[in-house]
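Descriptive analysis of the structure
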Amino acid sequence: MLQDLPRDWFALFGLPVQFELDSALLKQRFCELQARYHPDRYAQASEQERRLAVQVTAFLNEAHSTLRQPRLRARYLLERAGLKFNDERDTLSDTAFLMQQIEWREAIETAEEAAEPLAALEQVTKNLKAELQDLEQHFAQAWQTQAYTEAKTTWLKMRFYERLREDAQSRLERLEDEA
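The paragraphs below set out a description of the structure included in this document.

Scoring rules and cut-offs
Residues numbered from 1 in each chain as written. Predicted model: local features only at pLDDT ≥ 70, side-chain atom pairs only at ≥ 80, totals over all residues. Heavy atoms only, no water. Patch = residues over 30% accessible without salt bridge, like charges linked within 9 Å, V, L, I, M, F, W, Y side chains within 5 Å. Areas by Shrake-Rupley, 256 points an atom, 1.4 Å probe, with all protein chains shown as cover. Salt bridge = Lys/Arg side-chain N within 4 Å of Asp/Glu carboxyl O. Lys, Arg positive; Asp, Glu negative; His and termini not counted. Charge placed at Lys NZ, Arg CZ, Asp CG, Glu CD. Buried < 20%, exposed > 50% of the residue type's maximum accessible area, 1.4 Å probe, protein only. Helix = DSSP H or I, 4+ residues; strand = E, 2+ residues; numbered from the N terminus. Axes fitted to C-alpha atoms, helices over the stretch in contact; angles between N-to-C directions. Parallel < 35°, antiparallel > 145°, perpendicular 65-115°, else oblique. Contact = heavy atoms within 4.5 Å. Nonpolar A, V, L, I, M, F, W, Y, C, P; charged D, E, K, R; others polar. Core = buried A, V, L, I, M, F, W, Y, C linked by side-chain atoms within 4.5 Å.

So, on to a negative patch on the surface. A grouping of E103, E106, E109 and E113 is seen on the molecular surface, where their side chains present a negatively charged patch. Among the residues examined, E109 registers a relative accessible area of 41% and is labelled partly exposed.

With respect to the helices and strands, the residue Q169 is situated in helix α7 (residues 148–178). A residue is classified by how much of its surface remains accessible, and Q169, at 26% relative accessible area, is partly exposed. A C-alpha to C-alpha distance of 7.9 Å links Q169 and E122, two positions 47 residues apart in sequence.

Now for the packing of helix α2 (residues 23–37) against helix α3 (residues 47–68). Relative orientation of the contacting elements α2 and α3 amounts to 175°, with a least axis distance of 10 Å. For the element pair α2 / α3, the angle class is roughly antiparallel. Residue-level contacts link L26, K27, F30, L33, Q34 and Y37 of α2 to A53, V56, T57, L60, N61, H64, L67 and R68 of α3. A class-by-class count of the residues in the contact of α2 with α3 yields eight nonpolar, four polar and two charged.

Counting residues in hydrophobic clusters, the biggest one holds 48 residues, and the most contacted among them are L12, F13, L67, L78, L128, F139 and Y161. Breaking this core down by element, the ones donating at least two residues are α1 (9–12), α2, α3, α4 (70–80), α5 (95–112), α6 (117–144) and α7. If we ignore the near neighbours within four places in the chain, the residues touching F139 are F19, A74, L77, L78, A151, T154, W155 and M158.

A complete count under the given rule lists ten salt bridges for this structure. Taking the shortest distance from any N to any O, the salt bridge between D94 and K157 comes out at 3.7 Å. Linking D94 in the loop between α4 and α5 with K157 in helix α7, this pair joins segments that are 63 residues apart in sequence. Among the salt bridges present, the one from D167 reaches R171, with a minimum N-O distance of 3.0 Å. One end of the pair is D167 and the other is R171, both in helix α7 and four residues apart, which spans about a single turn. On the basis of relative accessibility, which here comes to 18%, the residue R171 falls in the buried class.

Below is the structure:
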């Protein structure tokens, strides 16, 4: 069962190996595979087959989650191309970019303390999302031209922006809960 599935996640879902993907098609293929391998279908099977069905489901869930999220999909592509990652040591030395990150952190804090913090944080979140989309486009271009070092640098920036957006979003949700 598990051995019958392609190890490559793009092949698993019948998708081209590229950054841009058809999210509706990914979801459709995921649902088809989940229906085929769902553990409930193996309720009357042997213990080994039930265990395999659970493993297949976990494999499908991980593959789907990775390809569904742009930053994780980008990392998967880079790892697939042979690039190595060290999450503790892979950093950026781009001073201008790092200063920009400080400015974004200050903008989040300022927005939270504004007269209308909900509106201010919504705007910061919207701006961060736009920056992240720009980086995703830049990654796609670098990936297409096989500029893998540039793509990895862009991925590192995407990681920063995603964390900033998550921070702004969690502050926004906290304020909404308090309101």
